[in-house]
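The primary structure of each chain is shown beneath.
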Amino acid sequence: MPVRVQRDDFDLGREVAALVRGNHKIGAVVSFVGLVRDTSDGAGIASMTLEHYPGMTEKSLEEILREARSRWNIFDALVIHRYGMLAPGDQIVLVVVAGAHRGDAFAACEFIMDYLKTRAPFWKKEETAEGARWVQAHPADDSAAARWGKDKPA
Amino acid sequence: MTKVLYFAKLREDLGCESESLALPEGVKTVASLRVHLAARGGPWASALAPERAVRAAVNQQIAKPETPVATGDEVAFFPPVTGG
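Residues numbered from 1 in each chain as written. Chains lettered and ligands numbered in written order. Predicted model: local features only at pLDDT ≥ 70, side-chain atom pairs only at ≥ 80, totals over all residues.

1. Looking at the overall build of chain A
Put simply, the rule reads: Think of it this way: any DSSP run of H or I at least four residues long counts as a helix, any run of E at least two long counts as a strand, and we number them from the N terminus. Radius of gyration here uses only the C-alpha atoms, and the compact-globule reference equals 2.2 Å multiplied by the residue count raised to the power 0.38. Note on burial: count the other C-beta atoms lying within 10 Å of the residue's C-beta; 20 or more is buried, 12 or fewer is exposed, in between is partly exposed, and C-beta positions come from the backbone.
When helices and strands are tallied, chain A shows four helices and nine strands. Along chain A, from the amino end to the carboxyl end, the secondary structure elements read β-α-β-β-β-α-β-β-β-α-β-β-α. For 154 residues, the compact-globule estimate of 2.2 N^0.38 gives 15 Å, and the C-alpha radius of gyration of chain A, at 16 Å, lies within 12% of that figure. In terms of principal-axis extent, the alpha carbons of chain A reach across some 50 × 35 × 30 Å. Here chain A, with 154 residues, has 32% of them falling under the buried criterion.

In structure tokens:
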């Protein structure tokens, strides 16, 4: 269940191929890629800088993957999250889940993203024409994570 | 000593990324450490005021206000996370 926190970009095809290689029990691979948008709350975004908490970031992502594995029947999962300066259109985050069937793989992938949004220690700062600003957390992210129930202590 | 880290907007508001401090008598939880830090006044009082959304971690695990803190711990304060 690998986790990578890196400045560099990633290649979806290569990551999927590496995750499924040699395991022919896998019948479903679900992936999610998050991208930097060029607008946010009505303002144009020139660039974005992602800060994180080295050490805790990796631990929290590993914990989320363990939780996903305990809830659904999946073979493997991968999270790559970038940090540093990113431009509109750049890839930020990748989640890949491999399982025997699509139901568990879809659910686990969505769960991992919902939990990552509220638990992994990343913070976004946007550069706009009016200057830099820290992105505010969205209450919708909390409710997206809460709908999975059985919330672990936060 | 106890290591205290600050991230993102909180780090900028406080002008402090990390520090080592001796926990005073009576500071035994995340909540009481926050009150102790806010008592420094100035940006500390405003950025750590009770109405501000501040999250914490102890030894790199998400913590609650009542989570214990002790000498040798690594405590972090930060705004609600916005990754993904």
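From this point, the narrative continues.
2. Quick look at the overall build of chain B
Note the cut-off: Note that contacts rest on C-beta atoms placed from the backbone: two residues are in contact if these are within 7 Å.
Looking only at helices and strands, chain B has three helices and five strands in total. Along the chain direction, N to C, the helices and strands of chain B fall in the order β-α-β-α-α-β-β-β. Its C-alpha atoms put chain B at 35 × 30 × 20 Å along the principal axes. The contacts of chain B with a sequence gap of at least 6 include a subset with a gap of at least 24, amounting to 55%.

3. What about helix α2 (residues 30-38) of chain B?
Residues and elements named next belong to chain B. The cut-off we apply is this: Within this analysis, the arc is defined by the directions that extend from the helix axis to the C-beta atoms.
Residues of α2 that are buried: Val30, Leu33, Arg34 and Leu37. Down the axis of α2, the buried side of the element spans an arc of 100 degrees, and every buried residue falls inside it. The secondary structure elements touched by the buried residues of α2 are α3 (42-47), β3 (55-58), β4 (61-63) and β5 (74-78).

4. A closer look at the sheet that holds strand β1 (residues 3-6) of chain A
Residues and elements named next belong to chain A. This is how it is decided: In short, DSSP must find at least two bridges between two strands for them to pair. Under this scheme, a helix contributes an axis fitted over its contacting stretch, all axes are lines through C-alpha atoms, and angles between N-to-C directions fall in the 0 to 180 degree range.
The strand order β1-β5-β7-β2 describes an open sheet built from four strands, whose pairing is mixed. Looking at which strands have only one partner, the edges of the open sheet turn out to be β1 and β2 (28-35). Shown here is a sheet whose adjacent strand axes are inclined to one another by a mean of 10 degrees, direction ignored. Pairing geometry for β1 and strand β5 (residues 74-82), over four bridges, is parallel. Paired with arginine 4 across the strands is isoleucine 80, a residue of β5. Packing against the sheet, helix α1 (residues 12-20) makes contact with β2, β5 and β7 (91-99), and its axis sits at approximately 25 degrees to β7.

5. Some points on the sheet that holds β5(B)
All names here are of chain B. Read from one edge to the other, the open sheet built from five strands follows the order β2-β1-β5-β3-β4, with strand pairing classed as mixed. Looking at strand neighbours, the two that pair on one side only are β2 (18-21) and β4, the edges of this open sheet. Ignoring which end each strand starts from, the neighbouring axes of this sheet average 25 degrees apart.

6. Section: the interface of chain B and chain A
What counts is decided by this rule: Polarity classes work like this: nonpolar for Ala, Val, Leu, Ile, Met, Phe, Trp, Tyr, Cys and Pro, charged for Asp, Glu, Lys and Arg, and polar for all others, with Gly in that last group.
Facing the 15 residues of chain B at the interface are 24 residues of chain A. Among the elements of the structure, α1 (8-14) and β5 of chain B are those that each provide at least two residues to the side of chain B that touches chain A. Taken together, the residues of the side of chain B that touches chain A sort by class into nine nonpolar, four polar and two charged.

7. Let's talk about the nonpolar core
If you look at soluble globular proteins, the nonpolar side chains tend to sit buried side by side. Heads up, the rule is: Joined through C-beta atoms within 7 Å, a set of buried Ala, Val, Leu, Ile, Met, Phe, Trp, Tyr and Cys residues constitutes a nonpolar core.
Formed by 56 residues in total, the largest nonpolar core has its most connected members in Ala77(A), Val97(A), Ala108(A), Ile112(A), Phe7(B) and Ala76(B). Excluding residues that lie within four positions of it along the chain, Ile112(A) makes contacts with Ile64(A), Leu65(A), Ala68(A), Ala77(A), Val79(A) and Val95(A).

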